[in-house]
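Coordinates in review
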Amino acid sequence: MKITAARVIVCSPGRNFVTLKIETDQGLYGVGDATLNGREFSVVSYLNDHLIPCLIGRDARQIEDIWQYFYRGAYWRRGPVGMTALAAIDMALWDIKAKAAGMPLYQLLGGRSRDKVLVYGHANGKDIAETVDAVAHYRDLGYQAIRAQSGVPGLASTYGVSKDTLFYEPADADLPTESLWSTSKYLNHVPKLFAELRQQFGDEVHLLHDVHHRLTPIEAARLGKELEPFKLFWLEDAVPAELQEGFRLIRQHTTTPLAVGEVFSSIHDCQHLISEQLIDYIRTTIVHAGGVTHLRRIAALAELYHVKTGFHGATDLSPVTMGTALHFDTWVPNFGIQEYMRHTAQTDEVFPHDYQFKQGFLYCGETPGHGVDINEKLAAQYPYQRAYLPVNRLEDGTLFNW
Ligand code: CS2
Ligand code: MG
């Protein structure tokens, strides 16, 4: 089965997405997500200028060899741009293989390990009262796991707080906006938020929180310790994770479960975090870390060390990634949870899919392949719009982590 064409489609049905469509001489095609939020055209160029010319004419069934060709075969390997491009190819090839087999992707991976996939949504508000209302809204929608973020008193804007709670979109301007950060104000505030949430909603609901890389290890240790009475499902991205050994310090002080990895692009970014049991959930996703082929290795390593999956699933991960992730989640033995932020109706129309949300769980479909397509005609009506993620400064002007 020869690859005859591979096309990159850029569209913006409410937000930007980069999609790869691979066609074969047997009439089967596959679709992959190549979206890297705020850096879209770097991946477009990597695909068009460097990978696609080497892809044409290859046997679409040889997923492993193609993966190795583009990973090992590249002198400059790893990194978010390259691994996202490789993920798009890999996702499209798994889609083709599953279509050729006449099976939904999860069957090809090893079959069903569970009936449904536990997901969490984002509740946020400008203050604690608004966040309480947002959590109540998610409870009404049936969610059993909810990430809670709140504005911090004294800070004009805070990560994770947006105007629209259902469609949180951080890439909010055609040049980066700037937000302000104060670690002390934040650390004083967050335990109050979770005390109130437990008071209002009891112990049953799973509560999660994302620090978005803003603390040092000892600050994260303090936060984890102070949040222990509120039994979080996880504390996410407590510190910038370039320093993997920094997690040892957090671990020594707290039993709050730790999640990390949405910005990782390979197993080498989380090898020590996993093998030293410094984390509990690995968030690295299909689209940003080399596709199904590479995520299988990360999940298998994680399984050895009692680490579960908890894939990133914000709006910048297209329905193609969500569909593929759901097949993976349905199969993977050490599944933990899946993030699920809803896409807008416009996005859902451009990417027809067969997964469904019911009462706090997502269900992947039975269509052969990963179950997500792209309506190219409709996509063409939504041209790219430059959009950046914000940057972040301390109150004295120092540039900080966003
Ligand atoms: C976040 C994301 O979903 C999450 O946990 O950290 O909203 C993240 O900021 C965006 O996906 C960035 O592209
Ligand atoms: Mg996050």
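Residues numbered from 1 in each chain as written. Chains lettered and ligands numbered in written order. Predicted model: local features only at pLDDT ≥ 70, side-chain atom pairs only at ≥ 80, totals over all residues. Heavy atoms only, no water.

Glancing now at the coordination of the magnesium ion (ligand 2). With distances of 1.9 to 2.2 Å, the protein atoms coordinating the magnesium ion (ligand 2) are Asp 210 (OD), Glu 236 (OE) and Glu 262 (OE). The sequence motif formed by the donor residues of the magnesium ion (ligand 2) is D-x25-E-x25-E. In this pair, Glu 236 is assigned in strand β8 (residues 234–236) and Glu 262 in the loop between β9 (258–260) and α9 (271–275), connecting sequence segments 26 residues apart. Residue Glu 236 shares its accessibility class with Glu 262, and that shared class is buried. (Donors = N, O, S within 2.8 Å, 3.2 Å for Na, K, Ca; no water. Helix = DSSP H or I, 4+ residues; strand = E, 2+ residues; numbered from the N terminus. Buried < 20%, exposed > 50% of the residue type's maximum accessible area, 1.4 Å probe, protein only.)

Membership of the largest hydrophobic core comes to 131 residues, with the highest contact counts inside it found for Ile 22, Leu 47, Ile 89, Phe 194, Phe 247 and Phe 328. Ranked by residues supplied to this core, first place goes to helix α3 (residues 80–101) with twelve residues. Each of domain 1 (3–103) and domain 2 (109–374) accounts for three or more of the residues forming this core. Setting aside residues up to four positions removed in sequence, Phe 247 forms contacts with Val 239, Ala 241, Leu 258, Val 260, Leu 273, Leu 278 and Ile 279. (Core = buried A, V, L, I, M, F, W, Y, C linked by side-chain atoms within 4.5 Å. Domains from an automatic or database assignment. Contact = heavy atoms within 4.5 Å.)

A few words on the domain arrangement of the chain. Assigned domains within the chain: domain 1 (3–103) and domain 2 (109–374). Distance from the C-alpha centre of domain 1 to the C-alpha centre of domain 2: 26 Å. Between domain 1 and domain 2, the contact holds 34 residues from the first and 39 residues from the second. Taking both partners together, domain 1 and domain 2 bury about 2800 Å²; carbon and sulfur atoms supply 59% of that area. Summed over the shared surface of domain 1 and domain 2, the result is 16 residue pairs in polar contact (both at pLDDT 80 or more). For the side of domain 1 that touches domain 2, the elements supplying multiple residues, two or more each, are β1 (3–11), β2 (17–24), β3 (29–33), α2 (63–71) and α3. (Buried area = accessible area lost by both parts, 1.4 Å probe. Polar contact = N/O pair within 3.5 Å; in protein donor to acceptor, adjacent residues only side chain to side chain.)

By nearness alone, 16 residues border ligand 1, and Asn 37, His 212, Glu 262, Asp 316 and Glu 339 come closest of all. At a separation of 2.9 Å, an oxygen atom of ligand 1 approaches a polar side-chain atom of Glu 236. Here an oxygen atom of ligand 1 sits 2.4 Å away from a polar atom, N or O, in the side chain of Glu 339. Compared with its free state, where it exposes 340 Å², ligand 1 has 95% of that area covered by protein. At a threshold of 2 Å from the grid points, most atoms of ligand 1 map onto the largest pocket. (Near = heavy atom within 4 Å. Areas by Shrake-Rupley, 256 points an atom, 1.4 Å probe, with all protein chains shown as cover. 1 Å grid on protein atoms, 1.4 Å probe; cavity = no way out; pocket = protein on both sides within 12 Å on 5 of 7 lines; lining within 4 Å. Sits in = over half its atoms within 2 Å of the grid points.)

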